[in-house]
Structure formats: structure tokens, C-alpha cells
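Listed here are the chains, written in short residue letters.
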Amino acid sequence: MEHSLAPVKEKTENAGRADDGKKDGKKGISGSTLKLIAIIAMFIDHTGAIIIERMLMEAVKEGTNLTMLAGLGTLDMVLRLTGRLGFPIFCYLLIEGFQYTKNVWKYAGRLFLFALVSEVPFDLGFTGSPFYLEYQNVFFTLFIGLLVLIGFRLAEEKTGGNRVIRILLSLLALAAGAGAAQLLKTDYAATGVLTIAVMYICRRKKMLETGLGCAVLTVMNPIEITAFFVMIPVHMYNGKRGWNIKWLFYAFYPLHILLLYGIACALGLGQVMLRLG
């Protein structure tokens, strides 16, 4: 029998959330639509990071005229600002998955597996080298964030209602997770883990959850300001799973980076080292 940390109530609710929304006619967008929005935003963001920024660096090196530099810089900024919508949606869906998965350890295992699978494509795409230890892909951040949430739940279940000890243990779990992400230099690092934790704490009010998550990101890095637009599709989320495309993000993440890196190579930009961190 599979062991799960999810309470029975959450499992019962999950049965309803797994429907595609047709039976009760509930309007809005499903979780799969949210995921597709995040995937598209991520693709746009990485197009800027992997291709346009390489073009920009080469243009600077070759002394390209200011008009060309300004055009590339503006295009890159538009793409990167659009891409800010991706991460907070993935955080939101991570929290949804944590609450309603049948086996949270299998969920964590999938995240860790694809963190490993995605690392070489990530390094190639963003540095031009297959091995770069100074920056790790976002799956590691999501994996660590999920472990922190598991720590929160264990602290709640094992402290016998002692609120002070529960809070202390939860803070310890958060500090350990944020420290690990920062030490490993994962994408979004401690900021990403803190964002997941804050959103989870506010999970009962999705607008507050999303807004505070975006606020954490923006305080730590002002370029994340466009992340607040995520509140629109999250507000429209109807709580239904929609299409069963849970493997799409897992596979799409490394594959789209390899595709974009292949385009960069075809343009003669494959060896351009981007600055990460």
C-alpha cells in the first residue's frame, strides 16, 4: 500500500478536482490550462535568455550600431518580462499537487529525477557547457520547495497541537530549504523556496496566495514585477485538473532548452557563455 502524507479530507476533495469540470459546468480555466500558460511563458522567457541574449552579447563584442543594440535589448526585455509569469504559476501548481497528490514521495521523486535529467540540457542552453556547477535548473528549486512543504506538514502532524513548537519546526524546515537552494545555486534559489512557503501558508485564499508570492519575487528582484499578471489566470482557475498532461512539463523543460540551444548553435552562437546567477 502506498504511504501518503496527504490527509483523508484532501484525498476526498481530490476526487472531485480530478474531473475536467464538465459534469458540474463550473466555469473558468483548468489546472492544465494554467500549466500551458506557464509553459508558454517559460518558452518565451528562455527564447530571450538562450538566443536573444547571445545575439546581444555578440553584437556588443562586434561593435554593432546602437540602433541594433537597442532593438535587441528591447526585444530581450519584452521576452524576459513576459516570462516572469511562468515561475509563480509553477509554484501555485506545486502547492496544488502537494495538497492533492496520492503519494507525495512519488511526486518528490519525479521532481528530483527530472532535475537530474534536465541539468545537462540546462547547462548547455544557458552556458554552452554540458557541466556548470555554479547554477542549477528550476526543478531543484521546486523539489526543495516541496520538501519544505512536507516539513511543514510533518511539523503540524507530529507536534500534538503545540503551536510554538510547530512554528519553530516549520521555520527550521524553511531555513534548511532556503539554505540548501542558496548553497546549490538553484534557479531562483532561496527566493524561490521562500515564495513557495509564503504561497502555501496563504493557500486558502488564492488571490492572497498568488499576490504575496509575486510580492516576494518582486521585492527580491524588481524585474519580477510583471509576475503580478499571474493573478488573472489564477483567479479564473476553477479547481479542476483538466487534461491529464502532468508529464508535459517534465518532458518539455529539457527538450525546449535543447531546441533553443540547437537554434543558437545554428546561428553560430552555441559557445557564447551567458552570465547566470
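Given the structure is predicted, the values throughout are model-derived calculations rather than measurements. (Residues numbered from 1 in each chain as written. Predicted model: local features only at pLDDT ≥ 70, side-chain atom pairs only at ≥ 80, totals over all residues. Heavy atoms only, no water.)

Notes on the pattern of salt bridges
Our working rule: Here a salt bridge means any side-chain nitrogen of Lys or Arg lying within 4 Å of a carboxyl oxygen belonging to Asp or Glu. Every helix listed is a DSSP run of H or I at least four residues long, and every strand listed is a run of E at least two residues long, numbered separately from the N terminus. Accessible area is worked out with a 1.4 Å probe on protein chains only. A residue is then buried under 20% of its type maximum, exposed over 50%, and partly exposed in between.
The final tally for this structure, using the stated rule, is 6 salt bridges. Note that Asp45 is salt-bridged to Arg84, the shortest N-O span being 2.5 Å. Of this pair, Asp45 sits in helix α2 (residues 31-61) while Arg84 is found in the loop between α3 (66-83) and α4 (86-100), placing the two residues 39 residues apart along the sequence. Glu58 is the salt-bridge partner of Lys61, the closest N and O atoms lying 3.1 Å from each other. Here Lys61 and its partner Glu58 are both found in helix α2, 3 residues apart, which amounts to about one turn of the helix. For Lys61, a relative accessible area of 66% puts it in the exposed group. Within this structure, Asp45, Glu53, Arg80, Arg84 and Glu224 form a network of salt bridges that share partners.

Here's the deal with a nonpolar patch on the surface
Cut-off, in case you're wondering: Distance thresholds for patches are 9 Å for like charges and 5 Å for nonpolar side chains (Val, Leu, Ile, Met, Phe, Trp, Tyr), applied to residues having over 30% relative accessible area and no salt bridge. To be clear on the numbers: accessible area is Shrake-Rupley with a 1.4 Å probe, and residue cover counts the displayed protein chains and nothing else.
Taken together, the side chains of Met55, Leu259, Ile263 and Leu267 define a hydrophobic patch exposed on the protein surface, amounting to about 330 Å² of accessible area. Within the fold, Met55 resides in helix α2.

Overview of the packing of aromatic side chains
We count it as follows: Between the rings of Phe, Tyr and Trp (Trp by its six-membered ring), a pair exists once the centres lie within 6.5 Å; its type follows the angle of the planes, with under 30 degrees stacked, over 60 edge-to-face, and the other angles tilted. Only lysine NZ and arginine CZ atoms are considered, and such an atom sits over a ring when it is within 6 Å of the ring centre and within 35 degrees of the ring normal.
Under the defined criterion, the tally for this structure stands at 19 aromatic pairs. Ring geometry for Phe139 versus Tyr250: centroids 5.9 Å apart, planes at 10 degrees, classification stacked. Here Phe139 is found in helix α6 (residues 138-158), whereas its partner Tyr250 is found in helix α11 (residues 246-266), with 111 residues between them in sequence. Residue Phe139 shares its accessibility class with Tyr250, and that shared class is buried. Aromatic pair Phe152 and Tyr200: ring centres 6.1 Å apart, planes at 35 degrees, arrangement tilted. Of the two residues, Phe152 sits in helix α6 while Tyr200 sits in helix α8 (residues 189-201), which places them 48 residues apart along the sequence. There is no split in this pair, since Phe152 and Tyr200 are both buried. Among the aromatic side chains, those forming a connected cluster through ring pairs are Phe90, Phe114, Phe139, Trp247, Phe249, Tyr250 and Tyr253. One residue, Arg110, lies across the ring of Trp247, its end atom 5.8 Å from the ring centre.

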